[in-house]
Amino acid sequence: MKTQIKINGKIRTFEVEPDEYLVDTLRKHHYYSVKKGCDTSSCGVCTVLLDGKPIASCSYLSVKANGHAVTTVEAIEEEATILAKLFGKEGADQCGFCNPGLALTVYAMKKELNNPTDEDIRTYLVGNLCRCSGYVSQHRAIKAYMEVI
Amino acid sequence: MKCVNHNTGSIDGKGLMLGRPAYTNDLADPNALTVKVLRSPHPHAKILNIDTQKALSLEGVECVLTYKDFKRIPVTRAGQGYPEPSPHDKFVLDSVVRYVGDDVAVVAAETEAIATRALELIRVDYEILEPVLDFEKAYENESIIHPEPEIHEMFPIGFEPEKNVAAAYHMEIGSVEAVMDQCDVTATSSYYTQAQAHVMMEPHTANARLDFQDRLVIYSSTQTPFHARRIVSQALEIPMSKIRVIKPRIGGGFGGKQCLHGEFFVAAVTMKTKKPCKLVYTRKEVFESSYSRHPMRIDVTLGSTKEGELKALDVHVLSDTGAYGEHALTVFMVAGAKTLPLYNKVEAVRFGGRVVYTNHTPGGAFRGYGAIQGNFAVESAVDQLCEKLGVDPIEFRKTNMIAEGETSPVFAKMGEGTEGTAMNMDSCKLDYCVDRGMELIGWKDKYPRKSISKTKVRSVGMCLAMQGSGIPYIDMGSAIIKLNDTGFYNLMVGATDIGQGSDTILAQIAAESLKTTVDKVIVYSSDSDLTPFDTGAYASSTTYVSGNAVKKAADQMLEMIVEEGAKALGVRPEDIHFDGVILKVNDTDTSMTLESLSNRLFYNEDQKQLVAANSYVGTKSPPPFMAGFAEVEVDIETGEFKVLDYVAVVDCGTTINPSLAKVQVEGGILQGLGMAMFEEVIYNKNGSLITNNLMNYKIPTRKEVTNIHVEFADSYEASGPYGAKSVGEIGIDTPPAVIANAIYNAIGVRINSLPITSEKVWAAIHNKEK
Amino acid sequence: MKIKTYTMPTDLEEAYQLLQEKDAGIIAGGAWLKLLPKTLTQGIDLSGLKLDTINETEENYTIGSMVTLRQIETHTSLGTYMDGVLQEAISHIMGVPIRNIATIGGTVAGRFGFSDLLTPLLALKANLVFYKKGQVTLESYLKEALKEKDILLQIIIKKEYGKAHYTTVKKTANDFPILNVSITKIGTHFRVAVGARPSAAVLATKTMAYLNENKTLSDDIIEKAAKIAVEEISFGSNARGSKAYRTQLCKVLVERGIKEVAYENTN
């Protein structure tokens, strides 16, 4: 099926299967920042923004994205760089596999929430799993990022 | 120090955050065939007939491989040094399948959809064999899992496949029975640990292609690229010189990527089709068809005087290696080797048992292997003994634990699969770790429990732990440093960064020795064609073993620079002072920059490439130590409990990068808490894993434990690079015993099987009330 | 799930007719589609039917079946309605990236036993509007699905004013519940719903009747009510928890929940 998606500001047209998921379409077309970590919508590494909102691209049919805008981490390079520096300071980068998806979710959270508490931050990000860091270093870095103007 | 012991920031975090292609699947050939594996639906069965005709005739299918396509060469996929302490009991494909998820056939097709369809078209007739699903009934069971005549051990490891025994071991120092008889108080219990899953975020991935020299190039998400090359060569009879293994960026390993996974299959498909191909495990395959932690039953008896002097330690282990024997012996031995020396004042100590085969997913390497199981049992038993004695468990530990300058006879007796290495504890700040941890958790005010309300009680628990730093005389690391024009360096290491940040800390070590900054050291790891040998990222060896190799190479490079500088400036090397940027002749104004020296070496005079290469093998394995503490709050009506605070005080020598070291411990603690509290492993009665996805297998999210407080003791290990010991595994060891002890202190019932779930806590309270 | 053809009709009748075809099925958010082992010859996406808004009147909230869980959670009025009980329940469902996909229609139509959301919807007396069948109570729909294939258009919640409560016990924060309980109190009238038994949520009708006939509540009465709940509701065992544990959790959570909504201004 012909599907037109605006990816990072550029309109792309793909031929997709009716049961193809967005993560597979994106990776097939070399958007390698979008990772695949589980098959059950559980891990969050495949997160992209759809019309500005974070979605799990492993659980979203590509055809549904027709006519919508998708943002991957490449399009928020400046913000992701700020976050990367804060992660680096805390030693929170670790294996990095979940970081592009997490960066997009954190970016969306910052736009959506005003003065979130620690609990708000954790609740927003609970679907983004990480097995390396134990989360506490990530949390320190993310809190600092929320305070960057 | 300018680089070491500083938070320099990681060298790769930004690129990875920005999603630059880095991982194995990102680097597959865009035209790669998709490889899929047909998995056994039965725990134990013989393939009577396998019909691949329909699958082969499907358009887009390039090849289908079954056991008939492979010569019967038994190997071990364990990814260890050679000869391995694991039995050679695995064929690439076999006519017998030994667990649900075992490999049956391999398909390669143009697309994933075609490959999946082809799997459905393969017809297999099985003769169902009796499975062994209970590891306590495996020994001498009528059903023999490995009757194949070709399989063998590489040296004596107690391998008796006819009894379903993959490995066995026994040792005794002093007479446990005699000493135990003299003891005033003894405590005996059995402890059970589960088959924890690694759940690294990147699934196991491999791809292969033939290069223009007709050599096989394998990209693999492996912790052991050099072992992978050797084992693929053995299994498929491809000369090692014809294989190149590249380890790109790895999305977490935790030991799960020490063993081989899809390497055989992508290699075989590419050799057969001459086309590039790739294999990415589904999450279900990661759970069912890779490896897990070895489940164990550990029987512990401790004996002491009534004054609280520990006199005898007796540990007997039954370990379940599942269908194949990867790491069977070593994991089991570490259950003793990394726990028993903690109490070095005993008069007698005994350790033994066996590792049995069952028809479950195989056990393999997993961060803290053996140690976490042994620690849970021994450190729970210590608290149990203290309860009987009526002594404070911290006072008891302080009296009986190992201290700086001391040793334990266990070190010499037990290694990993072989004899051990005698050593003194040249650095051991365990006493500080305990005192500081008590202070941070507020032990004196909180021990053992406080009632908060009618339904809530708070309590604390603690335990000690030790690890090692590589395996002496076996684990080897090496490094090559080359100087470039303009004066920056390449550091090439076989050591494998799997996300722990070893590329960064090795750059820090090199930069410190070269008196330069981290940005001037470009690290490349690892590629069997381009980087020197390293046994790989396991056994807490990278900082200590590979780090020492890097330091040696960097020190050597510094000497070479000074020598060349002296030549260029027409003086003796000893007259040169080099600060990393400028080579200055002592007591004169004559100098030259490293930049101009290196440019001269490439373009002008005395042209040469400066390369320093060095290696290191440990002659001991200095243990990092830790004291772990937790405060928990238990809801006595629902059994739910929260870890309010987890405190870790660690002696790992110098922290090369304090932030990265801290996160190693924080991450290890949460992974350990996962094993202690959440990560339940459930098989159904047909031998199928129910907890085979992230919906059913619950690893901690960021909401479960939010306070993890890690501090480091001021410690210096003279044999380590800049005083460092290892830190990768020590963090995971304490949570099971700490939580078990804290829960006991809260409810007065000891839970001896992991994980300690809210339901188990409720049931314990409920049964006690009855 | 495999989908052979995919259609996004813009006309409700067209969607309905397509649905009557053999092996045709509705695609809502699609968040859980891939976990279902069946093949749809015709996948009908309701995204073109403008069912994605929440409408509020003096009397009702009318929630389109394609409204995402995140829309409800962040809706300034519905999200905070009745002590924010829906917001509270939804916040326990996976993470935001899934809640931006999953819809209330998909949740209701799935009649999932593990649902966090169905339990408070039941306590809030939600009604369902189907295209052909018209209005059906959620309570009856959870007991028995419709016999004919139909399209869920809206979920209606009649506005009432009182107190509400949701609580659940899970292994980890992104797990499905071992058990959940939602309780509302309108005036002196209680509704008690228990879900993840592990089968679908039910109302504890005898418990409700007992509570509603007692004009003044005491700890003893509440404890008795919780005991009635445990007796009238059936529980089962699965990988998340045993029947015995669920029974205990029900007793504790119902008792605590009633206390929370019953005693005004106390802790």
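Every chain's residues receive numbers from 1 upward, in the order its sequence appears when written. Here the convention is simple: chains get letters from A, ligands get numbers from 1, in the order in which they are written. Where local features are concerned, this predicted model is filtered to residues with pLDDT of at least 70; where side-chain atom pairs are given and counted, the filter is 80 or more; whole-chain, interface and lining totals use all residues. Side-chain calculation: all heavy atoms of the structure are included, whereas hydrogens and water are not.

### Regarding the interface of chain A and chain C
Here is step 1 of the chain: The interface is formed by 28 residues belonging to chain A together with 30 residues belonging to chain C.
Here is step 2 of the chain: Buried area: the accessible surface (1.4 Å probe) lost by two parts on joining, summed over both. Together chain A and chain C conceal approximately 2,100 Å² of surface at their shared face, both sides included; 61% is due to carbon and sulfur atoms.
Here is step 3 of the chain: What counts as a salt bridge is simple: a side-chain nitrogen of Lys or Arg found within 4 Å of a carboxyl oxygen of Asp or Glu. Here chain A is connected to chain C by two salt bridges.
Here is step 4 of the chain: Close ionic contact of C:Arg70 with A:Glu112 constitutes a salt bridge, the shortest N to O distance being 2.5 Å.
Here is step 5 of the chain: Polar contacts, as used here, are pairs of N or O atoms within 3.5 Å; protein pairs need one atom able to donate a hydrogen and one able to accept it. Residues neighboring in sequence count only if both atoms are side-chain atoms. The tally of links between chain A and chain C comes to 12 residue pairs in polar contact (both at pLDDT 80 or more).
Here is step 6 of the chain: Labels follow the DSSP assignment, with helices taken as runs of H or I lasting at least four residues and strands as runs of E lasting at least two, numbered in each case from the N terminus. Every element with two or more residues in the side of chain A that touches chain C is listed here: β4 (53–56), α3 (99–112) and α4 (118–125) of chain A.
Here is step 7 of the chain: Considering each element in turn, the side of chain A that touches chain C owes the most residues, four residues, to β4(A). Contacts are assigned to residue pairs that have any heavy atoms within 4.5 Å of one another.

### Considerations on the domain arrangement of chain B
Residues and elements named next belong to chain B.
Here is step 1 of the chain: Domain annotation of chain B identifies domain 1 (13–129 + 201–252 + 257–289), domain 2 (296–471 + 620–769) and domain 3 (476–617).
Here is step 2 of the chain: Taken over C-alpha atoms, the centre of domain 1 sits 35 Å from the centre of domain 2.
Here is step 3 of the chain: The interface of domain 1 with domain 2 comprises 22 residues on the first partner and 27 residues on the second.
Here is step 4 of the chain: Where domain 1 abuts domain 2, roughly 2,000 Å² becomes buried across the two surfaces, and 58% of that area is made up of carbon and sulfur atoms.
Here is step 5 of the chain: Remark: the boundary between domain 1 and domain 2 carries one salt bridge.
Here is step 6 of the chain: Measuring nitrogen to oxygen at the nearest pair gives 2.7 Å for the salt bridge that ties arginine 77 to glutamate 326. Bear in mind that the domain bounds are from an automatic or database domain assignment.

### Describing the interface of chain A and chain B
Interface size is commonly expressed as the accessible area that is lost once the parts come together.
Here is step 1 of the chain: Of the residues lining the interface, 52 residues belong to chain A; the matching set on chain B comes to 53 residues.
Here is step 2 of the chain: Of the roughly 4,200 Å² buried between chain A and chain B, counting both surfaces, carbon and sulfur atoms make up 59%.
Here is step 3 of the chain: Inspection of the chain A/chain B interface yields six salt bridges.
Here is step 4 of the chain: One salt bridge in this structure joins A:Arg140 and B:Glu666, with 3.1 Å as the shortest N-O distance.
Here is step 5 of the chain: Across the chain A-chain B interface, the total number found is 24 residue pairs in polar contact (both at pLDDT 80 or more).
Here is step 6 of the chain: Elements with a contribution of two residues or more to the side of chain A that touches chain B: α2 (77–90), α3, α4 and α5 (136–147) of chain A.
Here is step 7 of the chain: Among the elements that line the side of chain A that touches chain B, the one with the most residues is α2(A), at nine residues.

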